[in-house]
Amino acid sequence: MKQQVGKLSVKTQGQGLTMIMADLSGWIFRSAINTGLLTIWCKHTSASLTVQENTDISVRGDILNYFNDLVPENRSYQHADEGSDDMPAHLKTMLTETSLSIPVIDRKLSLGPWQAVYLFEHRKRPHIRELVLHVMRN
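Residues numbered from 1 in each chain as written. Predicted model: local features only at pLDDT ≥ 70, side-chain atom pairs only at ≥ 80, totals over all residues. Heavy atoms only, no water.

### Some words on the nonpolar core
Within soluble globular proteins, side chains that are nonpolar tend to cluster in buried spots.
Right, on to step 1. Formed by 29 residues in total, the largest nonpolar core has its most connected members in Leu24, Leu38, Ile40, Leu109, Val117 and Leu131.
Right, on to step 2. Counting only elements with at least two residues in this core, the list comes to strand 1 (2–11), helix 1 (21–31), strand 3 (35–42), strand 4 (47–53), helix 2 (57–70), strand 5 (99–105), strand 7 (115–121) and strand 8 (128–137).
Right, on to step 3. At 5 residues, the largest contribution of residues to this core is made by strand 7.
Right, on to step 4. When sequence neighbours within four positions are dropped, the list of residues in contact with Leu109 reads Met21, Leu24, Ile28, Leu38, Ile102, Pro103, Val104 and Val117. (Core = buried A, V, L, I, M, F, W, Y, C linked by side-chain atoms within 4.5 Å. Buried < 20%, exposed > 50% of the residue type's maximum accessible area, 1.4 Å probe, protein only. Helix = DSSP H or I, 4+ residues; strand = E, 2+ residues; numbered from the N terminus. Contact = heavy atoms within 4.5 Å.)

Written as structure tokens, this is what we have:
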């Protein structure tokens, strides 16, 4: 069994879902991975990862609205060092995932036709987020 590690930097536009399929596919291609298991790790406490609908952009808007309703900024949180979206961002990360494991088959992520991988930014302002990629392969 062989292992390979890489990193991705993802620039977000602020709160919302940023598709990272091109970055992931490019890394898999450059790494010459044919078959294996890719783990993606988000190194942040106010951003997360998700697999979601890849065609209808309104799905992403509905998801963002749902999470903003679920974890409102206008509550009285003890932790607000970086602004009113600080603690809600941490809570949203707890409700989602900071890592994903996806099979790679024939040099492609094994996703359904309507699926894509997204970095889910929970802060209002843009950030550069770091992801660690780890693949185990034959």
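### Regarding the side chain of Asp85
Right, on to step 1. Structurally, Asp85 is set in the loop between helix 2 and helix 3 (86–95).
Right, on to step 2. Polar contacts involving the side chain of Asp85 include one to the main-chain amide nitrogen of Lys124, which spans 2.7 Å.
Right, on to step 3. Apart from residues no more than four positions distant in its own chain, Asp85 is found in contact with Glu73, His122, Arg123 and Lys124. (Polar contact = N/O pair within 3.5 Å; in protein donor to acceptor, adjacent residues only side chain to side chain.)

### Digging into the sheet that holds strand 3
Right, on to step 1. Pairing within the open sheet is antiparallel, and its 5 strands lie in the order 1-8-3-5-6. Edge positions in the sheet fall to strand 1 and strand 6 (108–109), since each of these pairs with one other strand and no more.
Right, on to step 2. Relative to strand 6, strand 5 runs antiparallel, the two sharing 2 bridges. For Val104, the partnering residue across the bridge sits in strand 6 and is Leu109.
Right, on to step 3. Taken strand by strand, helix 1 contacts strand 1, strand 3, strand 5, strand 6 and strand 8, and its axis lies near 150° from that of strand 1. (Pairing = 2+ DSSP bridges. Axes fitted to C-alpha atoms, helices over the stretch in contact; angles between N-to-C directions.)

### Examining helix 3
Right, on to step 1. Within helix 3, burial applies to Asp86, Pro88, Ala89, Lys92 and Thr93. Along the long axis of helix 3, the arc covered by the buried residues comes to 160°, so they all point the same way.
Right, on to step 2. Buried residues in helix 3 make contact with strand 4 and helix 2. (Arc of directions from axis to C-beta.)

### Things to note about the environment of Ala116
Right, on to step 1. Tracing the sequence through the fold places Ala116 in strand 7.
Right, on to step 2. Taking the C-alpha atoms as reference, Ala116 lies 21 Å from Pro126; in sequence the two are 10 residues apart.

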